[in-house]
Amino acid sequence: MKALSIPLLLGVLLVTGPVAAQENISKVNGSISAEPGQRYGKLDTVNGGIRIGEGVETGSIDTVNGGVKVADRARTGKIETVNGGVRLGREVIAHGSVSTVNGSIFSDRGSQIEGGVETVNGGIGLVESRVGNDVETVNGDITVGIGSQVKGGVHVRKPNFSVSLTASRKPRVIIGPNAVVDGPLQFEREVVLYVHRTARIGPVTGAEPIPFDTETAPAD
């Protein structure tokens, strides 16, 4: 009986075929939807948004004119867009950086971004999330919210004419209750920096931290 087991196994493999390869999807005009329970390779489009269903696994995600929305417990590669926001649900793992030029980035509870987070014109919000590298912006607000951890630093870069043609308000940078920023906080322009008394941060240059002990930072 043991001698028959190998041919029998080969027969089964021939009938069922190999495991389906992960599908790459590339478009010029049109949105992309990754359906729950499926696995995908790279997803990219030029004019359209990208939606990732709950529990989906994908490779890298790229779009130019469109937002990216990732549902709970999905697994992705890096996420990049130019004109659009990025929203991560709960317990998402992004194996790479998350970046946009004109749009906001939000990461909900339990999510992990293994690279950095970067915007030019858009806010960044983290709630009980972990970021493996720096959090950077030029003209956006940054909230390292309750229980979040940034393994790198927080950096607000100086604007120039290539990214901002008008004078803008001072960005608000908030390091919330029990949040941790392991690296330095560097500010090349004026910001309003609030740091909760329970938070832990690295050295600060370019701003004077304003301590607070309420659940949310004071209104300007």
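Residues numbered from 1 in each chain as written. Predicted model: local features only at pLDDT ≥ 70, side-chain atom pairs only at ≥ 80, totals over all residues. Heavy atoms only, no water.

Side note on the confidence of the model for the protein
For clarity, the threshold we go by: Predictor confidence is given residue by residue as pLDDT, running from a minimum of 0 to a maximum of 100. Only heavy atoms enter the contact rule, under which two residues are in contact if any of them lie within 4.5 Å.
Scored by pLDDT, the protein comes out at a mean of 89, with 87% of its residues at no less than 70. Across residues 1-21, where pLDDT falls below 50, the model places zero contacts with residues more than four positions away in sequence or in other chains.

Notes on unusual backbone geometry
Apart from glycine, the bulk of residues carry a negative phi angle, and the bulk of peptide bonds sit in the trans form. Quick reminder of the rule: Helical segments are the DSSP runs of H or I of at least four residues, strand segments are the runs of E of at least two, and each set is numbered from the N terminus. Note on exposure labels: buried denotes an accessible area under 20% of the residue type's maximum, exposed denotes more than 50%, and partly exposed covers the range between, all computed with a 1.4 Å probe on protein chains only.
Phi is positive for glutamate 91, which is not a glycine, with a value near 55 degrees. Relative to the elements of secondary structure, glutamate 91 occurs in the loop between strand S9 (86-88) and strand S10 (93-94). Under the relative-accessibility criterion, glutamate 91 is labelled partly exposed at 42%. Backbone geometry at asparagine 178 places phi at a positive 60 degrees, although glycine is not the residue there. Topologically, asparagine 178 is positioned in the loop between strand S21 (172-175) and strand S22 (180-181).

Let's talk about the environment of arginine 109
Relative to the assigned elements, arginine 109 resides in the loop between strand S12 (105-107) and strand S13 (112-113). The class for arginine 109 is partly exposed, based on a relative accessible area of 33%. Dropping the residues within four chain positions of it, arginine 109 is found in contact with Arg90, Glu91, Val127 and Glu128.

Considering the sheet that holds strand S11 (residues 98-99)
Filter applied, for reference: Criterion used throughout: strands pair if DSSP finds at least two bridges between them.
The 10 strands lie next to each other as S1-S3-S5-S8-S11-S14-S17-S20-S23-S25, forming an open sheet whose pairing is parallel. Edge positions in the open sheet fall to strand S1 (23-26) and strand S25 (204-205), since each of these has one partner strand only. Sheet topology note: the strand S17 (residues 135-137)/strand S20 (residues 154-156) ladder contains three bridges and is parallel. Each residue of the ladder has a partner; that of glutamate 136, found in S20, is histidine 155.

Points about the sheet that holds S10
Taking strand neighbours across the sheet as the criterion, the six strands line up as S7-S10-S13-S16-S19-S22 in an open arrangement whose pairing is parallel. The sheet is open, and its two edges are formed by strand S7 (75-76) and S22, each paired on a single side. Inspection of the sheet shows strand S19 (residues 149-150) paired to S22 by two bridges, in the parallel sense. By the bridge assignment for S22, glutamine 149 is matched with valine 180.

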